[in-house]
Protein chains: 2
Amino acid sequence: MEIQIEQEILARNKKIALENARLFKGNGVFVLNLMASPGAGKTTFVLATLQGIGQVYRVAVIEGDVASKVDAERIKKTGTPVVQINTGGACHLESRMIQKALSHFDLGELDVIIIENVGNLVCPAEFPLGEHCRVAILSVPEGDDKPEKYPLMFHQSNVLVVSKVDLLELSNFDLEKVKQNVTALNPEIKIFTVSCQTGQGLNNWLDWLKDKIARFKKAQ
Amino acid sequence: MEIQIEQEILARNKKIALENARLFKGNGVFVLNLMASPGAGKTTFVLATLQGIGQVYRVAVIEGDVASKVDAERIKKTGTPVVQINTGGACHLESRMIQKALSHFDLGELDVIIIENVGNLVCPAEFPLGEHCRVAILSVPEGDDKPEKYPLMFHQSNVLVVSKVDLLELSNFDLEKVKQNVTALNPEIKIFTVSCQTGQGLNNWLDWLKDKIARFKKAQ
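In this text, all values refer to a predicted model and were calculated from it rather than measured experimentally. (Residues numbered from 1 in each chain as written. Chains lettered and ligands numbered in written order. Predicted model: local features only at pLDDT ≥ 70, side-chain atom pairs only at ≥ 80, totals over all residues. Heavy atoms only, no water.)

Trainee: Looking at this model, I keep getting lost on the sheet that holds strand β7 (residues 190–193) of chain B. Mind explaining?
Mentor: By way of backbone hydrogen bonds, the strands of a sheet pair with one another, either parallel or antiparallel. Residue and element names in this part refer to chain B. Here we have seven strands laid out as an open sheet, ordered β3-β2-β4-β1-β5-β6-β7, and parallel in their pairing. Two strands close off the open sheet at either side, each with one partner strand: β3 (82–86) and β7. Sheet twist, expressed as the average angle between the axes of neighbouring strands with direction ignored, equals 20 degrees. Against the sheet, helix α7 (residues 175–185) engages β5 (133–139), β6 (159–163) and β7, with an angle of about 160 degrees to β7. (Pairing = 2+ DSSP bridges. Helix = DSSP H or I, 4+ residues; strand = E, 2+ residues; numbered from the N terminus. Axes fitted to C-alpha atoms, helices over the stretch in contact; angles between N-to-C directions. Contact = heavy atoms within 4.5 Å.)

Trainee: For this particular structure, what's the right way to read the packing of helix α2 (residues 42–53) of chain B against helix α8 (residues 202–218) of chain B?
Mentor: All names here are of chain B. Where α2 contacts α8, the two axes come as close as 10 Å, and the packing angle between them is 60 degrees. One way to sum up the angle between α2 and α8 is to call them oblique. Like other packed secondary-structure pairs, α2 and α8 cross with a definite hand, here right-handed. For the pair α2 and α8, contact is made by Phe45, Ala48, Thr49, Gly52 and Ile53 and by Leu202, Trp205, Leu206, Leu209, Lys210 and Ile213, respectively. Across the contact of α2 with α8, the residue classes break down as eight nonpolar, two polar and one charged. (Parallel < 35°, antiparallel > 145°, perpendicular 65-115°, else oblique. Left-handed = near helix turned anticlockwise from the far one by under 90°. Nonpolar A, V, L, I, M, F, W, Y, C, P; charged D, E, K, R; others polar.)

Trainee: Please explain α8(B) as it appears in this structure.
Mentor: An α-helical turn contains 3.6 residues, so any two residues separated by three or four positions project in the same direction. Residue and element names in this part refer to chain B. For α8, built from 17 residues, the straight-helix expectation of 24 Å at 1.5 Å per residue is met to within 8% by its first-to-last C-alpha distance of 24 Å. Within the sequence span of α8, burial applies to Leu202, Trp205, Leu206, Trp208, Leu209, Ile213 and Phe216. For α8, the angular spread of the buried residues around the axis is 165 degrees, confining them to a single face. Across α8 from its buried face, at more than 90 degrees, point the exposed residues Asn203, Asn204, Arg215 and Lys218. (Expected span 1.5 Å × (residues − 1). Buried < 20%, exposed > 50% of the residue type's maximum accessible area, 1.4 Å probe, protein only. Arc of directions from axis to C-beta.)

Trainee: I'm lost on the relation of the copies chain B and chain A in this one. Help?
Mentor: Placing chain B over chain A gives an RMSD of 0.0 Å and needs a rotation angle of 180 degrees, together with 0.0 Å of translation along the axis. Accordingly, the operation relating the two chain copies is best matched by a two-fold axis. (Least-squares fit on C-alpha atoms with pLDDT ≥ 70 in both.)

Trainee: Mind showing me how you'd approach the packing of aromatic side chains here?
Mentor: The description of two aromatic rings rests on the distance between their centres and on the angle between their planes. All told, the structure shown has ten aromatic pairs over all chains when counted by the stated rule. Measuring from ring centre to ring centre gives 5.4 Å for A:Phe30 and A:Phe216, while their planes differ by 65 degrees; the resulting arrangement is edge-to-face. Residue A:Phe30 is located in strand β1 (residues 30–36), and its partner A:Phe216 is located in helix α8 (residues 202–218); the two are separated by 186 residues in the primary sequence. An identical accessibility class is assigned to A:Phe30 and A:Phe216; each is buried. Taken together, a centroid distance of 5.8 Å and an interplanar angle of 75 degrees make the contact between B:Phe192 and B:Trp205 edge-to-face. (Phe/Tyr/Trp six-rings, centres within 6.5 Å; stacked < 30°, edge-to-face > 60°.)

Trainee: What is the right way to look at the environment of A:Lys218 in this model?
Mentor: For A:Lys218, the location among the structural elements is in helix α8. Here the alpha-carbon distance between A:Lys218 and A:Glu169, two residues 49 residues apart in the chain, equals 42 Å.

Trainee: Looking at this structure, I do not really get the pattern of salt bridges. What am I missing?
Mentor: Between side chains of opposite charge, a pair can form when the charged atoms approach closely. Residue and element names in this part refer to chain A. In the structure shown here, the tally under the stated rule is 25 salt bridges over all chains. Ionic pairing is found between Arg134 and Glu131, a salt bridge with its closest N-O pair at 2.3 Å. The exposure classification of Arg134 matches that of Glu131, with both residues buried. The salt bridge partner of Lys177 is Glu148, with a shortest N-O separation of 3.9 Å. With Lys177 in helix α7 (residues 175–185) and Glu148 in helix α5 (residues 146–149), the pair connects residues that are 29 residues apart, well separated along the chain. Relative accessible area serves as the criterion here: at 30%, Lys177 is assigned to the partly exposed category. (Salt bridge = Lys/Arg side-chain N within 4 Å of Asp/Glu carboxyl O.)

Trainee: Where do I start with the nonpolar core in this structure?
Mentor: Nonpolar side chains tend to gather and get buried jointly when the protein is soluble and globular. Within the largest apolar cluster, 64 residues are counted, with the highest numbers of intra-cluster contacts made by A:Ile62, A:Ile98, A:Ile113, A:Leu160 and B:Leu160. Every residue in contact with A:Ile62, bar those within four places of it in the chain, is listed here: A:Val83, A:Ile85, A:Ile98, A:Ala101, A:Leu102, A:Phe105, A:Ile113, A:Ile114, A:Ile115 and A:Glu116. (Core = buried A, V, L, I, M, F, W, Y, C linked by side-chain atoms within 4.5 Å.)

Trainee: Explain the interface of chain B and chain A to me, please; I cannot follow it from the model alone.
Mentor: When the parts come together, some accessible area is lost, and that loss is often what is quoted as the size of the interface. Contacts between chain B and chain A engage 35 residues on the former and 35 residues on the latter. Approximately 2600 Å² of surface area, both sides summed, lies buried where chain B meets chain A, with 63% of it carried by carbon and sulfur atoms. In this structure, the salt-bridge partner of B:Asp71 is A:Lys149, at a minimum N-O distance of 2.8 Å. Elements that contribute at least two residues to the side of chain B that touches chain A include exactly α1 (2–26), α3 (70–76) and α5 (146–149) of chain B. When residues of the side of chain B that touches chain A are assigned to their parent elements, the largest contribution, four residues, is made by α1(B). Split into classes, the residues belonging to the side of chain B that touches chain A amount to 18 nonpolar, six polar and eleven charged. (Buried area = accessible area lost by both parts, 1.4 Å probe.)

If you want it as structure tokens, here you go:
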């Protein structure tokens, strides 16, 4: 009974995710879904990404949290259009929440939407939202054992960003082990190492992302 | 329909949690439920706690993870009895999982069980397991905005441990703000600040815990 309900929820989520994807394609909007633990640095990474592509592309942000407007307020200060979704108790965003949030934007006036999911390494991986690119962020202070403990997240993502690498020297985080374990789960994954504090590695990510968006736009 | 199913799941969880609680009381076993984000340092904190109370009390550990035995293996090295629960996909432990895990222990031979929940700041707070003390851990690198974003966890816990405080100087984490926000959510909460790297603050936690266990034992 419960399993059946769960499957119905996942099937309905997938259906609306496809509707979202059609809408994004129809309007030429490239969509990122950022997923990570609480405190991995998602919002700071969104801000760094906005700074890197905001001159070239028209970007909007959707912030997902159980409660509060803390993240949306940080984004708002940059002048970027932003919608905050509060899930109430839910530990992940669902495609219907995105569908509803889209009514706040004029999609024809946008090139990119960055969705910041609820801080959680488990359930967001089960709920596609209609995005083109799924980005998992793993911060150095969390430790190098996360791909073993939360395999689905790393299996499902197109990109892994290892964040806060300025703290590598202070920790016993084994970057090579993480790369090996994640690549074993997902041979196609693209891995970046960044520090939003020092700026290290951000250009590699931004160059890759700009190229990805340009190809998407060209294919329209 | 979904809400009804959810309420049934929560009600069933509560029922089995009460059964667990009766079993713990009947055998004089004091039980801790440790909850935190992935990578907040739960297992390291369990190891430090084992070192602090393992000479006085007979302790066992239950490790919860979506996948892997990484944590159980770390505990096993200390000679402490440990059971690893792998939830498959579930983002939290449920009381029935604990009930099943208990069959691996001789409860009459134990004084304390430490349960390490799945790394998640959302759902574990909704699923009591029959424990006497709920401990939320918040690590400094996660940032000081977590009580605002994940209020239920801080509202439901008896203890907040702010961990990795050796990193306070490197961050803009506002400890006073966290204390204020958490106390506003939960005036009864007891707050400790610790670093398992330097040992700072651990004695305060251990003294409090030993006193708590002694009172529990005395009341048997």
